[in-house]
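Here is how the chains run, residue by residue.
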Amino acid sequence: MNPVFRRLQVSVTQQALNQVLTLCRATPSIRHPVCASVNERQYRSMPTHGIGKWRHFLQRQAPKKKKDKHQMKKIIAPTDTAYGTLNVKVSGYDMTVVEHYSQYIHNFCNRLGIKVSECYALPTKSTEVLLMQEQGTKMYVDAILKTHERVVQLSALNAAMCPVFMDVLLKHQPEGVQLSVTEHTEADFQARFKARPEMEGLIAQIKY
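**Student:** I tried to follow the overall build of the protein chain on my own but got confused; where do I start?
**Tutor:** The number of helices and strands found in the protein chain is six helices and four strands. Counting from the amino terminus, the protein chain carries its helices and strands in the arrangement α-α-β-α-β-β-α-β-α-α. A burial count over the protein chain gives 17% of its 208 residues as buried. Taking contacts inside the protein chain between residues at least 6 apart in sequence as the whole, the part at least 24 apart equals 74%. Carbon and sulfur atoms make up 56% of the accessible area of the protein chain, which amounts to about 18,100 Å² in all.

**Student:** How should the sheet that holds strand 4 (residues 177-183) be read in this particular structure?
**Tutor:** Strands in a sheet are paired, the pairing made by backbone hydrogen bonds, and the direction either parallel or antiparallel. Taken together, four strands build an open sheet; the order of strands is 2-3-1-4 and the sheet is antiparallel. In the strand order of this sheet, the two ends are held by strand 2 (115-132) and strand 4, each with one partner. Strand-to-strand twist in this sheet, taken as the mean axis angle between neighbours without regard to direction, amounts to 20 degrees. In terms of strand pairing, strand 2 meets strand 3 (residues 139-155) through 15 bridges, oriented antiparallel. Note on strand 3: the bridge partner recorded for V129 is A143. Along the sheet, helix 3 (residues 95-112) contacts strand 1 (85-92), strand 2, strand 3 and strand 4; its crossing angle with strand 3, the most-contacted strand, is approximately 10 degrees.

**Student:** When you look at the nonpolar core in this model, what are you seeing that I'm missing?
**Tutor:** A general tendency of soluble globular proteins is for nonpolar side chains to be buried together. Counting 17 residues, the largest nonpolar core has I105, C109, L154 and F165 as its most contacted members. Sort the elements by how many residues they give to this core and helix 3 lands first, with five residues.

**Student:** Explain unusual backbone geometry here, please?
**Tutor:** Glycine aside, negative phi is the norm for most residues, and most peptide bonds take the trans geometry. Here the phi dihedral of A156 falls at roughly 60 degrees; this positive angle occurs in a residue that is not glycine. Mapped onto the fold, A156 is located in the loop between strand 3 and helix 4 (162-171).

**Student:** I tried to follow the environment of K115 on my own but got confused; where do I start?
**Tutor:** Positionally, K115 belongs in strand 2. Relative accessible area serves as the criterion here: at 57%, K115 is assigned to the exposed category.

**Student:** Looking at this structure, I do not really get the confidence of the model for the protein chain. What am I missing?
**Tutor:** Low pLDDT marks stretches whose predicted atomic positions should not be read closely. Here the protein chain averages 78 in pLDDT, and 72% of its residues register 70 or above. Every residue in residues 26-37 is under pLDDT 50, and counting partners more than four places away or in other chains gives two contacts.

**Student:** Please clarify how the pattern of salt bridges should be interpreted in this entry.
**Tutor:** A side chain with one charge can pair with a side chain of the opposite charge if their charged atoms come near. Following the criterion strictly, the structure yields three salt bridges and no others. Between E99 and R150 there is a salt bridge, and its shortest N-O distance comes to 2.7 Å. Remark: R150 occurs in strand 3 and E99 occurs in helix 3; sequence separation between them is 51 residues. Using a relative accessible area of 28% as the deciding quantity, one classes E99 as partly exposed. Under the relative-accessibility criterion, R150 is labelled buried at 14%. The partner of E118 in a salt bridge is R192, with the nearest N and O atoms 3.3 Å apart. Note that E118 is positioned in strand 2 and R192 in the loop between helix 5 (186-190) and helix 6 (197-207), a separation of 74 residues in sequence.

Parameters and conventions
Residues numbered from 1 in each chain as written. Predicted model: local features only at pLDDT ≥ 70, side-chain atom pairs only at ≥ 80, totals over all residues. Heavy atoms only, no water. Helix = DSSP H or I, 4+ residues; strand = E, 2+ residues; numbered from the N terminus. Buried < 20%, exposed > 50% of the residue type's maximum accessible area, 1.4 Å probe, protein only. Contact = heavy atoms within 4.5 Å. Areas by Shrake-Rupley, 256 points an atom, 1.4 Å probe, with all protein chains shown as cover. Pairing = 2+ DSSP bridges. Axes fitted to C-alpha atoms, helices over the stretch in contact; angles between N-to-C directions. Core = buried A, V, L, I, M, F, W, Y, C linked by side-chain atoms within 4.5 Å. pLDDT = per-residue confidence, 0-100. Salt bridge = Lys/Arg side-chain N within 4 Å of Asp/Glu carboxyl O.

This is the structure we're talking about:
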């Protein structure tokens, strides 16, 4: 057989094999589809915990201490030109009138530039009105009156402005509402909270 013909035959077979290999690489196999390789994680042996976390880069802050809600504020002492801590107390039987008058006092203080420390309500007091029968000694409850109180606490009220301030409050004082101005004391702070003798007795038993 001619050697030239053999060389041509070998080259043709090599080209045919190369074309078959390129076709096999281009077409995906049926056993291993492309979508399966996308959903599955290829590197199962490598740990992935902790990826994307950034909290450990921040410095740890000390936990904030909870403030006592029932902590008494410091009482301001009076000076030669200004008063100390004053309580403007408004009381009456009609809660709506008492509330509106206390709001008026607060807004009036803001207009004059008087510093208002805080505004709060005192516990409601109930008073029973008893009547005696005409013939007999028995007493029965005729009505129950509820007294509502509001306190507007002022600090460092100017002594020169105090007469004008009181004059305006007295002129706008509604009927059935009592107005009083006193210095703030520790007893006034304790009066804000309802007494619980049973609870206090149990606490005393636990301590001793």
